[in-house]
Amino acid sequence: MAAWIWEYEGYEPDHERVRESLCALGNGVFATRGAAPECAADAVHYPGTYAAGCYDRLVSNVAGQQVENEDMVNLPNWLPLRFRLPNGADTSWLTPDTHPVHGQRLRLDLRSGVLERTLCYEADGRRLAVRQVRLVHMAHPHLALLRTELTAEGWSGEIEVESAIDGTVTNSGVERYRQLAGHHLAHVRAGAPAPGTVWLSCRTATSGIRVALAARTTVEGNAVPNAGVSTDGRAVLAFRVPLTDGRRITVDKTVALHTSCDRAISDPLHAALDRVARAPDADALLESHRAAWDRLWRNAEFDVPGEAGSILRLHLFHVLQTLSPHTVDLDAGVPARGLHGEAYRGHVFWDELFVLPYLNLHFPEVSRALLTYRHRRLERACDAARDTGRTGARYPWQSGSDGREETQQIHLNPRSGRWLPDHSRLQHHVGSAVAYNVWTYWQATGDTDFLHARGAETILQIARFWADTAVYDTGLGRYRIRGVVGPDEYHDAYPDSDAPGIDDNAYTNVTASWVLTRALDVLRTLPAPLKDELLGRTGLDTGGTEHWEDVSRKLYVPHHQGVISQFEGYGDLAELDWDDYRHRYGDIRRLDRILEAEGDTANRYQASKQADVLMLGYLFTPSGLGEAFHHLGYDLDEASWQRTVDYYLRRTSHGSTLSSLVHAWTLARARRTEAWAFAREALMGDIADLQGGTTGEGIHLGAMAGTLDLVQRCLTGLEPRPEALRLDPLSVLYAGSEAYGFAIRYRGHWGIRLRLSAGRLQVSVPDSDLAPVRIELPDRTVSVAPGETCTASFPDRPGRRRHTRADGPPPDSEDVRERCPAGSDPPPD
Ligand code: BGC
């Protein structure tokens with residue numbers, strides 16, 4: 001069983017920001033970075049609190065241009081709690097930067113969702129031991145708690161404690177964005193309605209979201225606050241507390257946070273005050289919070305031993321803190337960097353492609369809510385298509401509050417100091433990711449109600465956009481999609497061309513063809529009244545859909561030297577001297593920045609930031625990929641795919657955390673050792689801050705969820721389908737583990753347990769009145785009834801070739817079935 005504790009020893013200013021991100025606590029509604037409560041934002045510390053879906057836009061003047069950016073707003077900081085010795089020679093506030101600290105330890109308990117911090121301050125020759133415990137409540141999503149225990153060691157005397165809410169915060173957590181406007185909080189007001197309670201309210205500058213926090217601070221021994229005052233944007237309470245040598249004093253700060261986006265409230269301030277007044281005491285809050293996490297872990301049970309298992313658990317913890325069951329009640333998407341920092345301004349990209357497949361099998365309601373976020377913005381996506389003279393839906397590359405395109409117009413290369421045009425908005429493939437997610441959600445859950453209503457409309461409008469965007473080229477006898485950017489963001493134009501975008505991106509075209517095909521499937525299966533209603537409402541005529549079929553079969557996929565070309569002309573670009581760049585720069589993940597700073601451009605080279613063509617190996621199973629190409633009239637045999645994999649492996653710098661994940665996935669079936677190296681990189685991405693200082697600006701949610709899904713779907717070959725669970729396990733395991741397992745939710749069964757060890761698969765279905773679960777193995781189908789455990793053997797397959805029914809069952813394939821009493825564990829392997 002992997003460890004549940006994540007620990008950091010000592011105070012290391014250089015690592016503080018990464019720790020703050022990795023020790024952030026959240027509940028899906030809001031999250032707060034793991035910053036020291038006694039420190040305000042500065043070069044070392046960055047306390048930040050963010051609520052899902054809470055955005056604000058400001059205009060900035062940079063590089064002689066007026067640019068508008070929408071940010072996920074850094075909300076007032078509820079953490080501040082500082083202390084000092086008022087009667088000595090040194091009456092300054094104690095912080096780890098101004099006073100010696102001994103034995104600092106941060107201890108994140110993943111099981112209970114509690115962050116503990118212990119340290120000992122030295123001031124004026126006196127030692128003060130501090131233990132803090134904090135939570136962002138998982139059951140009461142508008143509550144947080146900071147408990148502080150103070151113990152005088154070897155002295156007695158008075159201490160002053162200040163507890164505050166800080167409304168002076170700005171969005172300034174990302175160095176590269178510092179020249180951009182970041183003052184999002186306006187009309188800051190504060191008050192102290194009752195002894196021990198303060199409140200602070202404000203509203204966001206342009207989106208007008210009202211925000212209110214209330215804090216109730218109690219000090220053991222009934223110390224009375226000397227005032228509840230509001231000064232310059234902060235609500236402050238101060239206490240004088242007598243300390244006796246060796247006797248611990250507890251200060252509990254309970255905080256309520258509401259915004260006007262919340263449901264079932266009248267106004268945020270009233271809601272926050274009422275909630276904090278009614279909040280139970282700290283012990284009860286701790287207990288109910290632990291119980292809520294317990295329930296969550298039961299739905300997300302997994303067992304991967306060793307280091308990999310510990311990291312996966314941390315990843316899962318952060319996924320659940322960003323997207324929790326509370327997300328169901330929100331209008332929020334999947335923020336690429338969690339609710340953990342300000343990188344990418346809290347925007348929503350295509351990263352949900354790596355998150356939803358995991359959630360579908362554990363928290364399908366959350367997946368549905370995230371797809372609904374997209375559906376609510378479908379009209380906006382249709383407007384975006386219409387603005388360019390096309391029909392259908394063009395989803396934005398970066399999405400925030402209302403679904404308009406939020407991608408920045410210019411971005412800073414920190415290496416050169418230059419602001420450069422940003423063409424990443426041409427990544428229209430994001431629409432295919434939305435459609436793919438709708439489809440796979442339905443496959444995993446069988447939620448036909450969703451598919452037939454919002455799902456169908458979303459898929460159809462995205463398909464319609466592709467059909468209208470593809471232009472027939474008579475010379476080629478195929479359709480082309482031109483002027484786009486693929487997943488590899490290094491290539492946003494042809495060298496020496498003034499026009500942005502590249503043509504015939506293989507990933508874009510293959511996925512567009514897939515979306516068109518699925519859209520036609522949906523139209524075929526939609527009940528007549530629903531179909532008529534949908535066609536009437538969207539103005540689609542079925543005649544037009546014949547054209548869809550044609551486009552889906554005739555989109556152009558360029559090839560060169562026997563491999564799939566990332567886009568037309570990729571093979572004509574110059575080769576980069578990779579060794580030279582590695583030698584000169586060491587870390588070349590952000591090769592684009594290096595080249596631009598040299599006065600060159602990545603557009604000139606066969607050099608990719610991240611998996612682009614190889615993304616196809618992530619989205620499609622080996623046979624699915626073959627079928628997708630066959631549908632397009634291309635023959636993609638094993639040898640040409642292997643050549644393609646080799647080709648891009650040598651030409652990718654992995655400047656995105658998603659890249660190593662996708663490479664691990666794509667290689668898992670073919671080259672185990674190479675796959676494991678990439679999986680390890682994906683696992684280490686955030687904990688070792690591999691992307692050069694970016695973790696401190698927020699976690700990489702897609703890569704985190706993707707590593708979980710790597711165990712769940714890639715290693716097992718799991719494909720949930722409405723009629724059966726398909727499984728085609730690989731004998732490759734996460735390094736260092738002999739067996740691994742996890743539980744999934746599928747078709748009403750809560751907690752179907754899958755356990756894999758070399759050559760053996762065990763499936764246990766929990767007892768219930770539901771129908772048996774059909775398990776389709778490559779060579780046979782078994783049916784596992786509720787209360788039953790089935791152990792099946794599968795052949796060790798070093799390569800990508802599937803063991804099929806034609807091969808017959810492996811020699812020792814006697815499936816063993818046992819009945820387990822309800823609620824008991826399955827038999828051990
Ligand atoms: C990657 C994108 C990703 C974005 C947000 C970028 O660096 O290139 O693929 O969507 O980060 O995670």
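Everything discussed here concerns the structure shown above.
This report concerns the structure included in the present document. (Residues numbered from 1 in each chain as written. Predicted model: local features only at pLDDT ≥ 70, side-chain atom pairs only at ≥ 80, totals over all residues. Heavy atoms only, no water.)

**So, the sheet that holds strand β32 (residues 781-784)**
Moving on, step 1. Here four strands make up an open sheet; going across it, the order is β26-β27-β31-β32 and the pairing mixed. Looking at strand neighbours, the two that pair on one side only are β26 (719-720) and β32, the edges of this open sheet.
Moving on, step 2. In terms of strand pairing, β26 meets strand β27 (residues 725-726) through two bridges, oriented antiparallel. Across the sheet, the residue bridging to E719 is R726, located in β27. (Pairing = 2+ DSSP bridges. Helix = DSSP H or I, 4+ residues; strand = E, 2+ residues; numbered from the N terminus.)

**A closer look at the packing of aromatic side chains**
Moving on, step 1. Scanning the entire structure with this criterion turns up 22 aromatic pairs.
Moving on, step 2. Each ring, one from F83 and one from Y121, has its centre 6.1 Å from the other, and the planes form 70 degrees; the classification is edge-to-face. Of the two residues, F83 is situated in strand β7 (residues 81-84) and Y121 in strand β9 (residues 114-123); the sequence distance between them amounts to 38 residues. Y121 carries the same exposure label as F83, and that label is buried.
Moving on, step 3. Look at Y647 and Y648: their rings are 5.1 Å apart centre to centre, the planes differ by 70 degrees, and that puts the pair in the edge-to-face class.
Moving on, step 4. By relative accessible area, which is 4% here, Y647 ends up buried.
Moving on, step 5. By relative accessible area, which is 3% here, Y648 ends up buried. (Phe/Tyr/Trp six-rings, centres within 6.5 Å; stacked < 30°, edge-to-face > 60°. Buried < 20%, exposed > 50% of the residue type's maximum accessible area, 1.4 Å probe, protein only.)

**Topic: the pattern of salt bridges**
Moving on, step 1. For the structure on display, the rule yields 64 salt bridges.
Moving on, step 2. Here R57 ties to E70 by a salt bridge, and the two come within 3.0 Å at their closest N and O atoms. On the criterion of sequence distance, the pair formed by R57 in strand β5 (residues 55-62) and E70 in strand β6 (residues 65-72) is long-range, its members being 13 residues apart.
Moving on, step 3. Residue R147 is joined to D283 by a salt bridge in which the shortest nitrogen-to-oxygen separation is 3.1 Å. Residue R147 is located in strand β11 (residues 143-153), and its partner D283 is located in helix α3 (residues 282-299); the two are separated by 136 residues in the primary sequence.
Moving on, step 4. One network of salt bridges, in which partners are shared, links R57, E68, E70, R380, D402, R404 and E406. (Salt bridge = Lys/Arg side-chain N within 4 Å of Asp/Glu carboxyl O.)

**Some remarks on the layout of surface pockets**
Moving on, step 1. Approximately 1100 Å³ is the volume found for the second largest pocket.
Moving on, step 2. Those elements that place two or more of their residues in the lining of the second largest pocket are α5 (356-360), α8 (430-445), α10 (506-525), α15 (615-619), α16 (622-631), α18 (657-668), α20 (701-714) and β26.
Moving on, step 3. Residue composition of the lining of the second largest pocket, grouped by class: 23 nonpolar, 12 polar and 12 charged. (1 Å grid on protein atoms, 1.4 Å probe; cavity = no way out; pocket = protein on both sides within 12 Å on 5 of 7 lines; lining within 4 Å. Points joined across faces, edges and corners; volume = space filled by probe spheres on them. Nonpolar A, V, L, I, M, F, W, Y, C, P; charged D, E, K, R; others polar.)

**What about helix α11 (residues 528-538)?**
Moving on, step 1. Among the residues of α11, those classed as buried are L534, L535 and T538. Projected down its long axis, α11 shows its buried positions confined to an angular sector of 95 degrees, all on one face. Exposed positions of α11 whose direction lies more than 90 degrees from the buried face are P529, D532 and G536.
Moving on, step 2. On its buried face, α11 is in contact with α9 (448-469), α10 and α12 (542-554).
Moving on, step 3. Backbone geometry just after α11 places G539 at a positive phi near 70 degrees. (Arc of directions from axis to C-beta. Contact = heavy atoms within 4.5 Å.)

**A closer look at the packing of α9 against α11**
Moving on, step 1. α11 packs onto α9 with a crossing angle of 45 degrees between their chain directions and a minimal axis gap of 11 Å. One element, α9, and the other, α11, form an angle in the oblique class. Here the hand of the crossing between α9 and α11 comes out right-handed. On α11, the residues that touch H452, A456, E457, L460, Q461 and R464 of α9 are L530, L534, R537 and T538. (Axes fitted to C-alpha atoms, helices over the stretch in contact; angles between N-to-C directions. Parallel < 35°, antiparallel > 145°, perpendicular 65-115°, else oblique. Left-handed = near helix turned anticlockwise from the far one by under 90°.)

**Things to note about the nonpolar core**
Moving on, step 1. If you look at the biggest cluster of nonpolar residues, it comprises 212 residues, and the most contacted ones within it are L128, W350, L353, W548 and M615.
Moving on, step 2. Broken down by element, the residue count for this core peaks at 11 residues, all from α10.
Moving on, step 3. When neighbours within four sequence positions are excluded, L353 is seen to be in contact with A433, Y436, N437, Y507, M615, Y618 and L619.
Moving on, step 4. Residues L143, A212, V276 and L286 belong to the second largest nonpolar core, which totals 15 residues. (Core = buried A, V, L, I, M, F, W, Y, C linked by side-chain atoms within 4.5 Å.)

**Focus on the side chain of H45**
Moving on, step 1. Here H45 shows up in the loop between β3 (30-32) and β4 (49-51).
Moving on, step 2. One polar contact links H45 to Y11, side chain to side chain, over a distance of 3.2 Å.
Moving on, step 3. Residues within four places of H45 in sequence aside, it is in contact with Y11, E16, R17, E20, C39, A40, P96 and D97. (Polar contact = N/O pair within 3.5 Å; in protein donor to acceptor, adjacent residues only side chain to side chain.)

**Here's the deal with the environment of L591**
Moving on, step 1. Summarising the element assignment, L591 is placed in helix α14 (residues 591-597).
Moving on, step 2. In this structure L591 comes out as buried when scored by relative accessible area, which is 0%.
Moving on, step 3. Residues in contact with L591, not counting those within four places in the same chain, are Y490, L576, W578, Y581, A607 and S653.

**Quick look at the site of the ligand**
Moving on, step 1. As a matter of local geometry, the ligand sits amid A336, Y344, F349, W350, D351, W397, E489, K609, Q610, S656 and L658.
Moving on, step 2. Side-chain polar atom of D351 to an oxygen atom of the ligand: 2.6 Å apart, as the coordinates give it.
Moving on, step 3. Residue composition of the shell around the ligand, by class: six nonpolar, two polar and three charged. (Near = heavy atom within 4 Å.)

**Here we look at the packing of α8 against α10**
Moving on, step 1. For the pair α8 and α10, interaxial distance at closest approach is 10 Å and the crossing angle is 40 degrees. With respect to α10, the axis of α8 lies oblique. Relative to α10, α8 is oriented so that their crossing is left-handed. Counting all contacts with α8, which are made through S432, A435, Y436 and W439, the residues of α10 involved are T511, A512, W514, V515, R518, D521 and V522.
Moving on, step 2. Grouping the constituent residues of the contact of α8 with α10 by class yields seven nonpolar, two polar and two charged.

**Focus on the environment of C790**
Moving on, step 1. For C790, the location among the structural elements is in strand β33 (residues 788-793).
Moving on, step 2. For C790, a relative accessible area of 3% gives the class buried.
Moving on, step 3. If we skip the residues at most four places from it in the chain, C790 touches L761, Q762, V763, V782, V784, D815, V816 and R817.

**Here we look at the sheet that holds strand β28 (residues 739-746)**
Moving on, step 1. Spatial strand order, β19-β28-β29-β30-β33-β34: six strands in an open sheet with antiparallel pairing. Since the sheet does not close on itself, it has two edges, and those belong to β19 (302-303) and β34 (816-819), each with one partner.
Moving on, step 2. In this structure, β28 lies alongside strand β29 (residues 749-757), joined through eight bridges in antiparallel fashion. From the neighbouring strand, G741 faces β29, where its bridge partner is R755.

**Focus: the state of the cysteines**
Moving on, step 1. By the definition in use, this model includes zero disulfides.
Moving on, step 2. The thiol sulfur of C39 is not disulfide-bonded, and the nearest other cysteine sulfur, from C23, lies at 15 Å.
Moving on, step 3. According to the relative accessible area criterion, C39 is buried, its value standing at 7%.
Moving on, step 4. Lacking any disulfide linkage, C261 is separated from the closest cysteine sulfur, that of C54, by 5.7 Å.
Moving on, step 5. Taking the relative accessible area as the measure of exposure, C261 reaches 47% and is therefore partly exposed. (Disulfide = S-S within 2.5 Å.)

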